[in-house]
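Chain and residue survey
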Amino acid sequence: MRKVIVSLAPVEAGKPVVKDTLIEDIVNCAKEGAAMCHLHCRRPDGSLTPDTTEINDTFEKIADRTDLILQASTGGVSNMSIEQRCLPLDICRVESASLNGGTTNLGEAVYINSFEDIRYCASAVYHRGIIPEIEVFDIGMIYAVCMTQEQVPYRNPVLYNLVFGHQGGLPARMECLTAFRAAVPADALWGVTHYGRENWEFLAAAIAMGASVVRIGFEDSRYLSAGKQAMYNYEIVRKLAALIHAMDLETATPDEAREILHILPEKRQRI
């Protein structure tokens, strides 16, 4: 039976982070079927920072209580250099990291990821044995990443996270999903993120089309059901897991997800 990796992105951008509450929520998400946790390097007030003190402590506390794959973001709209954005890659608990596939508009903000940035991050994750999840916001970014694969090393299979819903990126429409999916190389894995999600139909379609990873959590949307927002991330994870099971599929355990993503044995963390 096909396994689907539930990736949790639990922190809404710009909101204060109460660490103990966040960790408890993440632990409950693991119990509900999450296999991976995606975090940005933030201060307690929610702002992005190159200081890895807080994220390192958070990862340690999560690893003490779960066996989730810990994924560090190297992105987010900020004034940080790519070198600063990649500092979380030196945290020993990090097994995966986001790698941003190009420059795009995110609402009124310009999210800058030059070819130089892509190559730098790709080399940084490769030489640390970290598996990149390549976030792409339009179809052209897939071809741009393929070009950089001829210039710097990547580990196979490459994992693309197809991101929909941002103003300036592809809308979450079925025809866009079909076109985006068709551009993913045949030997690559792919997953989906639906930013600003107000329904479950788009994620269900992506799962039906073969998505290996589905990202869920407050970073992208609090939507739980018509007219209702979730109070905690675990409520959303529980509903996504129920959707996956209703499609006669299974949620991947963290160790099963490590096998699917080909995370190197020396990077695999244990409780």
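Predicted model only: the values in this text are computed from it and were never measured.

Quick look at helix α5 (residues 139–148) now. Within α5, burial applies to Met141, Ile142, Ala144, Val145 and Thr148. Angular distribution of buried residues about the axis of α5 spans 165°; they occupy a single face of the element. In the core, the buried residues of α5 are packed alongside β5 (104–106), α4 (115–127), β7 (131–136), β8 (159–164) and α6 (174–183). The backbone nitrogen of Gly140 lies 3.0 Å from a side-chain oxygen of the residue at the head of α5, namely Asp138.

This part is about the nonpolar core. Counting residues in each nonpolar core, the largest one holds 75 residues, and the members touching the most others are Phe59, Ile62, Tyr154, Tyr160, Leu162 and Phe164. Sequence-distant contacts of Tyr154, that is, excluding residues within four places in its chain, are made with Leu99, Ile118, Ala122, Tyr126, Ile134, Val145, Thr148 and Gln149. In terms of nonpolar packing, the next biggest core, distinct from the first, is built from twelve residues, Met36, Ala252, Leu261 and Ile263 among them.

This paragraph deals with the pairing of β8. For β8, the tally of buried residues reaches six of six residues, placing the bulk of the element in the interior. Residues Leu159, Asn161 and Val163 point to one face of β8 and Tyr160, Leu162 and Phe164 to the other, with burial holding for every one of them. In this structure, β7 lies alongside β8, joined through four bridges in parallel fashion. Bridge assignment links Ile134 to a residue of β8, and that residue is Tyr160. Considered for its hand, the β-α-β crossover made up of β7, α5 and β8 is right-handed. Of the strand pairs in this sheet, β8 and strand β9 (residues 189–194) are connected by six bridges, and their pairing is parallel. Opposite Leu162, over in β9, you have Val192 as the bridge partner. Once the chain exits β8 it traverses α6 before rejoining the sheet at β9, and the crossover so formed is right-handed.

About the criteria used
- Residues numbered from 1 in each chain as written.
- Predicted model: local features only at pLDDT ≥ 70, side-chain atom pairs only at ≥ 80, totals over all residues.
- Heavy atoms only, no water.
- Buried < 20%, exposed > 50% of the residue type's maximum accessible area, 1.4 Å probe, protein only.
- Helix = DSSP H or I, 4+ residues; strand = E, 2+ residues; numbered from the N terminus.
- Arc of directions from axis to C-beta.
- Contact = heavy atoms within 4.5 Å.
- Polar contact = N/O pair within 3.5 Å; in protein donor to acceptor, adjacent residues only side chain to side chain.
- Core = buried A, V, L, I, M, F, W, Y, C linked by side-chain atoms within 4.5 Å.
- Pairing = 2+ DSSP bridges.
- Right-handed = clockwise from strand over helix to strand, strands pointing away.

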